[in-house]
Amino acid sequence: MRLGTILEHRYELDKPLGKGGMSTTFLAQDLLTGESVALKLVPADSSELRDLLKTEFVALMGLSHPHLLEVKDFGQTRLDGEDLCYYAAELINGVTLDEFARDGGKSFAEIEGALGDAIRALGFLHDLGIVHGDVKPQNIMVDSQGRGTLIDLGCSRLMGSETVEKDVSGTPGFIPKEVLEGATPDRRSDFVALGITLERLFPSLSEPPPDSVSELAQKLASERREERPSDVGEVLELLGMER
């Protein structure tokens, strides 16, 4: 894909921002608005990838939260003989939470602000009856001011929607055992991934996290649903943060 290419007479590709699975995200200029945007593209000939991208766009469309990604446009195009689906979203100039933690060997106190931002965004989704489905350090972006944004709702679903084996989605190692076995995802399913996220971040920190945070991570990731916090408000309270 050549830089400088213009898609749909609107989006001029500037440079690649990242690649994940079969998706590629570019920095692009929106020639209609003059804004810089993140343009996420997937091959349109894969119904699975196309559906995941559309699921993510639809889940975010119309939502307004300071720590959730704002999506702007969805479409399909053809470039160099290949059919592509895309969406345009706000551009976040930053790094993923795991990269942020590793940079300079930060303490937990230095990352907890961005983490708290993402947890509040997760609570916002839960209040709307949406399970994120893929909470992990790589899906929390941190900008230059240390603010966190929760991204990638490609695995999201409405609470109460039943799971069958072929519908299980998410990142291996972060998916709760009960969901793999066919249980209906709920907010406590996201908490398992949040607990594992914390545990994955601990080795990157300059010093061990407070005991209370280590204990919370274990509680969040517990195989027993009833041992996990009941909602995001409880998680934030245990972290000493306000909702």
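Residues numbered from 1 in each chain as written. Predicted model: local features only at pLDDT ≥ 70, side-chain atom pairs only at ≥ 80, totals over all residues. Heavy atoms only, no water.

Student: Before we move on, could you go through the packing of helix H5 (residues 187-201) against helix H6 (residues 211-220) and cite the residues and values that matter?
Tutor: For the pair H5 and H6, interaxial distance at closest approach is 7 Å and the crossing angle is 140°. Where H5 crosses over H6, the handedness of that crossing is left-handed. Contacts between H5 and H6 involve Phe191, Val192, Leu194, Gly195, Leu198 and Glu199 from the former and Ala217, Gln218 and Leu220 from the latter. The class makeup of the residues in the contact of H5 with H6 is 6 nonpolar, 2 polar and 1 charged. (Axes fitted to C-alpha atoms, helices over the stretch in contact; angles between N-to-C directions. Helix = DSSP H or I, 4+ residues; strand = E, 2+ residues; numbered from the N terminus. Left-handed = near helix turned anticlockwise from the far one by under 90°. Contact = heavy atoms within 4.5 Å. Nonpolar A, V, L, I, M, F, W, Y, C, P; charged D, E, K, R; others polar.)

Student: Provide a residue-level description of the pairing of strand E5 (residues 71-79), including the pertinent values.
Tutor: Note that E5 and strand E6 (residues 82-90) share 8 bridges and pair antiparallel. Opposite phenylalanine 74, over in E6, you have tyrosine 87 as the bridge partner. Taking the residues that link successive antiparallel strands as the turn, the E5-E6 hairpin has 2 residues, and the phi of aspartate 80 there is positive, at about 50°. (Pairing = 2+ DSSP bridges.)

Student: Break down helix H1 (residues 47-60) for me, citing the residues and quoting the values.
Tutor: The end-to-end C-alpha distance of H1, which contains 14 residues, comes to 20 Å, matching closely the 20 Å that a straight helix rising 1.5 Å per residue would cover. Along H1, the residues that are buried comprise Leu49, Leu53, Glu56, Phe57, Ala59 and Leu60. Buried residues of H1 fall within an arc of 165° about the axis and therefore sit on the same side. Structurally, H1 contributes buried residues whose contacts are with strand E4 (36-43), E5 and E6. (Expected span 1.5 Å × (residues − 1). Buried < 20%, exposed > 50% of the residue type's maximum accessible area, 1.4 Å probe, protein only. Arc of directions from axis to C-beta.)

Student: Describe the side chain of glutamate 178, and please don't skip the residues or the numbers.
Tutor: Mapped onto the elements of the fold, glutamate 178 is located in helix H4 (residues 177-180). What makes glutamate 178 buried here is its relative accessible area of 12%. In this structure glutamate 178 touches Ala183, Ser189, Glu223, Arg225 and Arg228, once residues within four positions along its chain are discounted.

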